[in-house]
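Below, each chain spelled out in residue letters.
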Amino acid sequence: MANRIFNFNPGPATLPTEVLEIVQQELLDYKGTGMSVMEISHRSAEFDEINDTCNALFREILGLDESYHVLFMGGGASTQFALVPLNFLPEGKTAAYVDTGSWSSKAIKEAKLVGNVHLAGSSKESNYDHIPRDLDIPADAVYLHVTSNNTIFGTQYQAFPDSGSIPLICDMSSDIASRCWDFTRFDMIYAGAQKNLGPAGVTAVIIKQSLLDKCADGNPTMFNYKTHAEKKSQYNTPPAFPIYIVKLVLEWVKKQGGLEAVEKVNTAKKERIYQLLDLHPDYYRGTVKPDSRSWMNITFRLPNEDLEKKFIAEAKAAGMGGLKGHRSVGGVRVSLYNAMPLAGVEKLAGFMEEFKKNN
Ligand SMILES: *Cc1c(COP(=O)(O)O)cnc(C)c1O
């Protein structure tokens with residue numbers, strides 16, 4: 001048994017050990033082919049099965065019907081920041097965006113390179129410590145873009161805005177498949193795999209047919225969502241090995257009992273840590289408003305930076321890594337993606353109680 005730590009990295013992040021073990025078992029000889037998944041044709045029956053299963057599992061787990069396409073693309077979520085406006089923001093029209101952190105800001109920057117952007121809401125003034133509630137969405141906006149979970153600042157929507165008939169597009173990179181949401185409210189969802197779905201290298205893009213119909217013509221072939229939808233993500237060579245691992249992770253989610261079971265564990269995990277923040281607010285100082293707290297990334301400061309350094313170093317020595325906060329927030333960030341077991345959180349909570357006593 002490998003010597004694995006409890007890995008609280010924000011992304012790339014921990015993967016279920018069971019999944020890595022399957023990858024290891026199948027690495028040299030995938031299902032009797034005598035080849036690795038990395039070595040087989042993306043047009044082979046074996047890869048078709050992986051691609052189709054991964055696609056079907058996404059729909060099943062998120063509760064989406066055939067009116068949604070699931071695409072597997074390269075380029076990371078950051079490429080989607082540009083592809084969304086290139087496909088859905090025609091000249092002379094306006095797209096609405098909510099700015100809730102670094103990733104939203106980057107999405108807005110790309111959209112501005114393409115067309116008109118209206119800021120429907122922002123929490124920038126207070127260093128992104130909450131999710132803005134009262135949004136100003138122009139009636140003629142071509143879409144509303146939100147970032148469901150703010151990986152760096154530690155906030156998350158607890159309820160999504162009602163955009164009426166305006167298509168709702170969501171960057172769900174750091175909390176997809178972590179809670180039971182009504183995913184049919186979204187016309188498009190995209191997520192880089194490396195937080196909650198698998199390794200870096202593939203981005204899941206879920207688009208409703210009614211939105212896909214509005215894709216701009218005239219973009220380069222690879223930048224047109226219709227290309228990837230029509231060719232089932234196989235217009236060119238897809239990131240085959242990451243897709244294979246995403247499939248295994250989704251099978252793992254299903255085996256847990258789907259999103260209901262996952263949500264139950266994730267609820268227990270985040271409550272364990274937030275309870276400590278509420279119990280010792282002068283010591284573990286949460287950086288966000290309680291009504292906007294993320295279940296996936298919990299951010300807090302300690303009374304001074306020396307204590308923060310000591311906390312991170314001692315946690316690491318005790319087998320808990322990846323706890324350093326992002327440089328724009330500082331402090332500590334506890335990332336609790338699906339693959340982090342409750343046992344890891346219990347261990348961290350025990351460490352936090354001891355650390356406070358001793359320091
Ligand atoms: C990590 C992250 C991104 C960036 O993803 P890349 O795949 O590195 O481009 C975008 N949005 C959110 C919310 C993220 O957490």
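All values reported here derive from a predicted model rather than from experimental measurement. (Residues numbered from 1 in each chain as written. Predicted model: local features only at pLDDT ≥ 70, side-chain atom pairs only at ≥ 80, totals over all residues. Heavy atoms only, no water.)

Enquirer: Would you mind going over the side chain of Q234 in detail, with residue names and values included?
Expert: Mapped onto the elements, Q234 comes out in the loop between α6 (225-230) and α7 (240-256). Contacts of Q234, omitting those with residues within four sequence positions, involve H42, R43, F47, D48 and N51. (Helix = DSSP H or I, 4+ residues; strand = E, 2+ residues; numbered from the N terminus. Contact = heavy atoms within 4.5 Å.)

Enquirer: Got a sec to walk through the sheet that holds strand β3 (residues 94-99)? Specific residues and values, please.
Expert: Strand order in the open sheet formed by seven strands is β2-β10-β9-β8-β5-β3-β4, with mixed pairing between adjacent strands. Two strands bound the open sheet, and with one partner strand each, they are β2 (68-73) and β4 (116-122). Sheet twist, expressed as the average angle between the axes of neighbouring strands with direction ignored, equals 20°. Pairing between β3 and β4: six bridges, direction parallel. Residue pairing for β4: T94 is matched across the bridge by N116. On the sheet, helix α3 (residues 76-88) packs against β2, β3, β8 (168-171), β9 (188-192) and β10 (203-208) and is oriented at approximately 155° with respect to β9. (Pairing = 2+ DSSP bridges. Axes fitted to C-alpha atoms, helices over the stretch in contact; angles between N-to-C directions.)

Enquirer: Outline the packing of aromatic side chains, supporting the account with residue identities and numerical values.
Expert: Considering all chains together, one arrives at 18 aromatic pairs under this definition. When the centroid spacing of 6.3 Å and the interplanar angle of 70° are considered together, the rings of F81 and Y190 count as edge-to-face. Here the residue F81 occupies a position in helix α3, and Y190 occupies one in strand β9, the gap between them amounting to 109 residues. Each member of the pair F81 and Y190 is classed as buried. With centroids separated by 4.9 Å and ring planes inclined at 55°, the aromatic side chains of Y128 and F153 adopt a geometry described as tilted. A residue pair is termed long-range when its members are at least 10 positions apart, and Y128 in the loop between β4 and β5 (144-147) and F153 in the loop between β6 (149-150) and β7 (155-156) qualify at 25 residues. Neither Y128 nor F153 differs from the other in exposure class; each is buried. An aromatic cluster of at least three residues, connected via ring pairs, comprises Y283, Y284, F300, F311, F351 and F355. We note R179 situated over the ring of W295; from NZ or CZ to the ring centre the distance is 3.6 Å. (Phe/Tyr/Trp six-rings, centres within 6.5 Å; stacked < 30°, edge-to-face > 60°. Buried < 20%, exposed > 50% of the residue type's maximum accessible area, 1.4 Å probe, protein only. Lys NZ or Arg CZ within 6 Å of the ring centre and 35° of its normal.)

Enquirer: Break down α7 for me, citing the residues and quoting the values.
Expert: The end-to-end C-alpha distance of α7 is 25 Å, a good match for the 24 Å that 17 residues give at a rise of 1.5 Å each. Along α7, 12 of the 17 residues are buried, which leaves the element largely enclosed by surrounding structure. The set of residues buried in α7 consists of A240, P242, I243, Y244, I245, V246, K247, L248, V249, L250, W252 and V253. Residues of α7 that are buried make contact with α1 (17-26), α2 (45-62), β2 and α8 (258-279). (Expected span 1.5 Å × (residues − 1).)

Enquirer: Would you mind going over the site of the ligand in detail, with residue names and values included?
Expert: By nearness alone, 13 residues border the ligand, and S78, T151, D171, Q194 and K195 come closest of all. S78 is positioned such that a nitrogen or oxygen atom in its side chain is 2.6 Å from an oxygen atom of the ligand. At 2.7 Å from an oxygen atom of the ligand is found a side-chain nitrogen or oxygen belonging to K195. Taking 390 Å² as the accessible area of the ligand by itself, protein coverage stands at 87%. (Near = heavy atom within 4 Å. Polar contact = N/O pair within 3.5 Å; in protein donor to acceptor, adjacent residues only side chain to side chain. Areas by Shrake-Rupley, 256 points an atom, 1.4 Å probe, with all protein chains shown as cover.)

Enquirer: Mind laying out the domain arrangement of the protein chain, listing which residues take part and the relevant values?
Expert: Each assigned domain of the protein chain is listed here: domain 1 (18-256) and domain 2 (258-358). In this structure, domain 1 and domain 2 have C-alpha centres spaced 27 Å apart. Facing 29 residues of domain 1, the contacting portion of domain 2 comprises 26 residues. Across the interface of domain 1 and domain 2, roughly 2,300 Å² is buried in total on both sides, 53% from carbon and sulfur atoms. (Domains from an automatic or database assignment. Buried area = accessible area lost by both parts, 1.4 Å probe.)

Enquirer: Describe the packing of α1 against α7, listing the residues and the values that go with them.
Expert: Contact geometry of α1 with α7 gives a least axis separation of 9 Å together with a crossing angle of 135°. The pairing of α1 with α7 is recorded here as oblique in orientation. Both α1 and α7 take part in a crossing whose hand is right-handed. Of α7, the residues touching α1 (which contributes E18, V19, I22, V23 and E26) are F241, Y244, I245, L248, V249 and W252. The residue makeup of the contact of α1 with α7, split by class, is nine nonpolar, no polar and two charged. (Parallel < 35°, antiparallel > 145°, perpendicular 65-115°, else oblique. Left-handed = near helix turned anticlockwise from the far one by under 90°. Nonpolar A, V, L, I, M, F, W, Y, C, P; charged D, E, K, R; others polar.)

Enquirer: Explain the environment of I5 to me, and be specific about the residues and the numbers.
Expert: With respect to the helices and strands, the residue I5 is situated in the segment before β1 (6-7). For the pair I5 and K316, spaced 311 residues apart in sequence, the C-alpha to C-alpha distance is 8.8 Å. Ignoring any residue separated from it by four or fewer positions in sequence, one finds I5 in contact with G319 and G321.

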